[in-house]
Amino acid sequence: MMGKKAVHAPLMEALIRYRTQGNASFHVPGHKNGQVYEHENIASLLQEVMSIDATEISGLDDLHHPEDVIREGQGLAAKCFGAEESFWLIGGSTVGNLAMILTVCTEPGALLLVQRNVHKSVLNGLMLSGANAVFLDPEIDTLSGLAVAPTTDTIKAALKAYPSAKGVLLTLPNYYGMGHDLTATAKACHAAHVPLLVDEAHGAHFGLHPRLPASALSCGADVVVQSTHKMLPAMTMGAMLHVQGERIHRELLRQRLAMVQSSSPSYPLMASLDLARWYIEAYGEDAFTVGLAAADAFRKGLEQLPRFRLLEPQQELEGRDAHRGISEVLERAEEGISGYSSQDPFKLVLYDTWGILDGFGLKHELETYGCVPEMSDEKHVVLLFTLGSTAKDASHLLQALVHINNDIRFKETAGEPGATEKEPQRLELDFSTWNNDRMKGYSSPVPFGLRPISPDQMETVPVEESAGRVAAEMIIPYPPGIPLLYTGETITEAIALRMSRLRELGAKWHGIADEGMLTIRVFRLQ
């Protein structure tokens with residue numbers, strides 16, 4: 001890595017001064033800079049962090065009324081990420097999503113156009129605000145079956161149908177790193193005089209290197225939430241909210257952020273946000289050199305294991321068609337592949353072309369060799385590289401796949417001639433069954449609120465018998481945390497089948513009453 005610039009990390013530097021001064025603490029927190037654990041070996045690692053785990057005292061500023069080092073740190077973040085104003089978040093992107101919805105939807109019944117495949121925090125924000133959501137169908141990538149984001153045409157049509165909408169909320173990139181440029185979408189929103197709100201949790205690094213996709217801010221989004229801890233080097237729960245333009249009520253946004261965040265924010269967590277920005281500014285594009293090289297080394301090595309492949313946008317696949325059979329090229333042309341045009345080079349989405357190992361099975365086998373993926377689904381495993389990844393990591397991962405490839409348990413027939421020449425299997429998933437009018441690409445308004453469902457309104461039915469019923473609980477595979485069903489949504493045959501399939505494959509769930517996912521709560525028939 002090349003030399004670094006001399007840059008400033010105001011909060012981190014203030015905390016170092018606080019620690020060096022060694023003043024006697026007559027304030028919270030109760031661990032007193034970690035000295036309570038002075039003789040406890042088990043606490044040695046945490047004790048180091050506690051030495052800067054301070055509070056809102058002189059010289060350390062206040063997140064909810066910043067005047068000094070926090071204000072300066074947030075200003076530097078805005079400059080680094082291309083915003084007019086940036087806010088540190090100590091509750092992850094979750095609190096950013098809540099705050100931006102509560103800022104735009106200021107009264108019960110306010111209408112918001114929302115991409116359907118959003119994180120559960122977005123639905124929780126709709127509930128807290130009492131908003132009505134018009135759900136937008138995402139485009140489905142033909143090859144993978146994965147949902148990406150709505151087209152600009154779908155958004156334009158929904159804006160025309162619902163001119164009273166307070167804004168448009170999208171999630172991009174998706175959990176798999178798939179996305180597209182949002183410039184046309186932002187222009188469509190602004191032409192309709194509404195803000196574009198973007199949950200860019202997985203794209204905090206976008207726009208910071210020529211090989212990375214454009215950031216939502218650079219495309220014209222009005223409010224963007226980013227999980228700095230996901231793809232940049234902040235601590236877990238560290239995130240930022242960026243804002244630009246005149247379409248967002250800044251004072252109200254600050255008030256909403258104060259509502260959903262702790263009044264006692266973690267100083268180590270905020271310092272990690274300051275440091276993440278500092279690192280990017282200190283090293284510039286070079287910050288990503290080693291991580292990108294590691295990801296590239298893995299891709300190159302994977303060419304020696306043709307059984308395993310990575311998802312790629314269509315234009316990148318076309319560039320490799322010369323190395324593939326003409327039948328596969330023609331098949332792809334006939335399919336009219338669509339859905340996304342950019343892929344985060346740090347998100348490597350792996351699958352077994354033989355179809356012997358599903359995504360959950362492949363994830364399990366990788367873990368047995370000491371490689372821990374980000375997540376899996378019915379077919380894919382998401383391998384997350386970052387600017388902190390190394391060539392050693394890539395080599396470890398490739399060696400694990402070599403072992404898996406050679407394991408006789410995972411060959412259809414041991415020693416089968418030409419096994420590596422098998423055609424890849426397509427994933428048959430239906431992510432497009434969310435009760436939207438497929439002719440229009442968007443739903444009718446769906447009301448959200450906080451009124452609980454009384455027990456006499458619900459009953460429990462087997463998942464396999466739930467099609468046609470109305471869900472009385474949210475069903476959320478986690479990760480990625482995108483609800484298959486929200487309360488009040490009609491269960492389709494495809495969704496009932498998918499719940500059963502995910503259960504059988506060992507998926508984890510949030511929001512369910514039956515931990516075994518054998519049954520689901522539905523509204524009683526009238």
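Our structure is the block above this text.
Residues numbered from 1 in each chain as written. Predicted model: local features only at pLDDT ≥ 70, side-chain atom pairs only at ≥ 80, totals over all residues. Heavy atoms only, no water.

Chemist: Sorry if this is basic, but what is going on with the pattern of salt bridges here?
Modeler: For side chains of opposite charge, pairing can occur when their charged atoms come near one another. One pass over the full model with this rule turns up 21 salt bridges. With its nearest N and O atoms 2.6 Å apart, the salt bridge here joins Glu-85 to Arg-254. With Glu-85 in strand 1 (residues 85-89) and Arg-254 in helix 9 (residues 250-260), this residue pair connects regions lying 169 residues apart in the sequence. For the salt bridge of Glu-281 with Arg-277, the shortest nitrogen-to-oxygen distance reads 3.0 Å. Of the two residues, Glu-281 and Arg-277 both sit in helix 10 (residues 267-283), four residues apart, roughly one turn of that helix. Taken together, the salt bridges that share partners define one network made up of Glu-84, Glu-85, Arg-250 and Arg-254. (Salt bridge = Lys/Arg side-chain N within 4 Å of Asp/Glu carboxyl O. Helix = DSSP H or I, 4+ residues; strand = E, 2+ residues; numbered from the N terminus.)

Chemist: Explain the pairing of strand 2 (residues 111-115) here, please?
Modeler: Regular strands have side chains that alternate between both faces of the sheet. Burial analysis of strand 2 places five of its five residues in the buried class, which makes it a mostly covered element. The side-chain alternation of strand 2 yields two buried faces, one formed by Leu-111, Leu-113 and Gln-115 and the other by Leu-112 and Val-114. Handedness of the strand 2-helix 5 (residues 120-129)-strand 3 (residues 132-136) crossover: right-handed. Pairing between strand 2 and strand 4 (residues 168-171): two bridges, direction parallel. (Buried < 20%, exposed > 50% of the residue type's maximum accessible area, 1.4 Å probe, protein only. Right-handed = clockwise from strand over helix to strand, strands pointing away. Pairing = 2+ DSSP bridges.)

Chemist: Help me understand the sheet that holds strand 13 (residues 380-384) in this model?
Modeler: Taken together, the four strands give an open sheet; going across it, the order is 9-11-13-12, and neighbouring strands pair in antiparallel fashion. Edge positions in the sheet fall to strand 9 (308-310) and strand 12 (375-376), since each has one partner strand and no second. Bridge analysis of strand 9 against strand 11 (residues 347-352) gives three bridges, and the strand direction is antiparallel. Across the sheet, residue Arg-309 finds its bridge partner in strand 11, namely Tyr-351. Against the sheet, helix 11 (residues 289-302) touches strand 9, strand 11 and strand 13, its axis set at about 140° to strand 9. Along the sheet, helix 14 (residues 359-368) contacts strand 9, strand 11, strand 12 and strand 13; its crossing angle with strand 13, the most-contacted strand, is approximately 45°. (Contact = heavy atoms within 4.5 Å. Axes fitted to C-alpha atoms, helices over the stretch in contact; angles between N-to-C directions.)

Chemist: What should I look at first to understand helix 11 in this one?
Modeler: Owing to its 3.6 residues per turn, the α-helix aligns residues three or four sequence positions apart on the same side. Here helix 11 contains 14 residues, and its C-alpha end-to-end distance of 20 Å stays within 8% of the 20 Å for a straight helix at 1.5 Å per residue. Burial in helix 11 covers these residues: Gly-291, Leu-292, Ala-294, Ala-295, Phe-298 and Leu-302. Down the axis of helix 11, the smallest arc covering the buried residues is 155°, so these residues share one side. Residues of helix 11 that are buried sit in contact with strand 9, strand 11, strand 13 and helix 15 (391-406). (Expected span 1.5 Å × (residues − 1). Arc of directions from axis to C-beta.)

Chemist: Explain the environment of Asp-141 here, please?
Modeler: Of note, Asp-141 is situated in the loop between strand 3 and helix 6 (152-161). Residues Asp-141 and Gln-314 lie 173 residues apart in sequence; the distance between their C-alpha atoms is 9.7 Å. A polar atom in the side chain of Asp-141 sits 2.7 Å from the side chain of Ser-144. (Polar contact = N/O pair within 3.5 Å; in protein donor to acceptor, adjacent residues only side chain to side chain.)

Chemist: Any chance you could explain the packing of aromatic side chains here in plain terms?
Modeler: A ring pair, where both rings are aromatic, is described by two values, the distance of the centres and the angle of the planes. The full count for this structure, using the stated rule, is eight aromatic pairs. Ring geometry for Trp-278 versus Tyr-279: centroids 6.5 Å apart, planes at 55°, classification tilted. Members of the aromatic cluster, connected to one another through ring pairs, are Phe-135, Phe-448 and Tyr-486. Above the plane of the ring of Phe-135 lies Arg-116, whose end atom (NZ or CZ) is 5.6 Å from the centre. (Phe/Tyr/Trp six-rings, centres within 6.5 Å; stacked < 30°, edge-to-face > 60°. Lys NZ or Arg CZ within 6 Å of the ring centre and 35° of its normal.)

Chemist: Any chance you could explain the sheet that holds strand 3 here in plain terms?
Modeler: Sheet strands line up and pair through hydrogen bonds in the backbone, either parallel or antiparallel. The mixed open sheet is built from eight strands, whose spatial order is 1-8-7-6-4-2-3-14. Each edge of the open sheet carries a strand with a single partner, namely strand 1 and strand 14 (446-447). Note: strand 4 against strand 6 (residues 196-199), four bridges, orientation parallel. Paired with Thr-171 across the bridge in strand 6 is Asp-199. Where helix 9 meets the sheet, it contacts strand 1 and strand 8 (239-243), and its direction lies at approximately 5° from that of strand 1.

Chemist: I would appreciate a short explanation of the nonpolar core in the present structure.
Modeler: For soluble globular proteins, the rule of thumb is that nonpolar side chains tend to be buried together. The biggest cluster of nonpolar side chains holds 61 residues, and the ones touching the most others in it are Phe-288, Phe-298, Leu-366 and Leu-401. Looking at this core, the element that brings in the most residues is helix 10, giving nine residues. Apart from the residues lying within four places of it in its own chain, the contact partners of Phe-288 are His-205, Leu-208, His-209, Leu-212, Leu-232, Ile-280, Phe-346 and Leu-387. Residues Ala-78, Leu-136, Val-168 and Tyr-176 belong to the second largest nonpolar core, which totals 38 residues. (Core = buried A, V, L, I, M, F, W, Y, C linked by side-chain atoms within 4.5 Å.)

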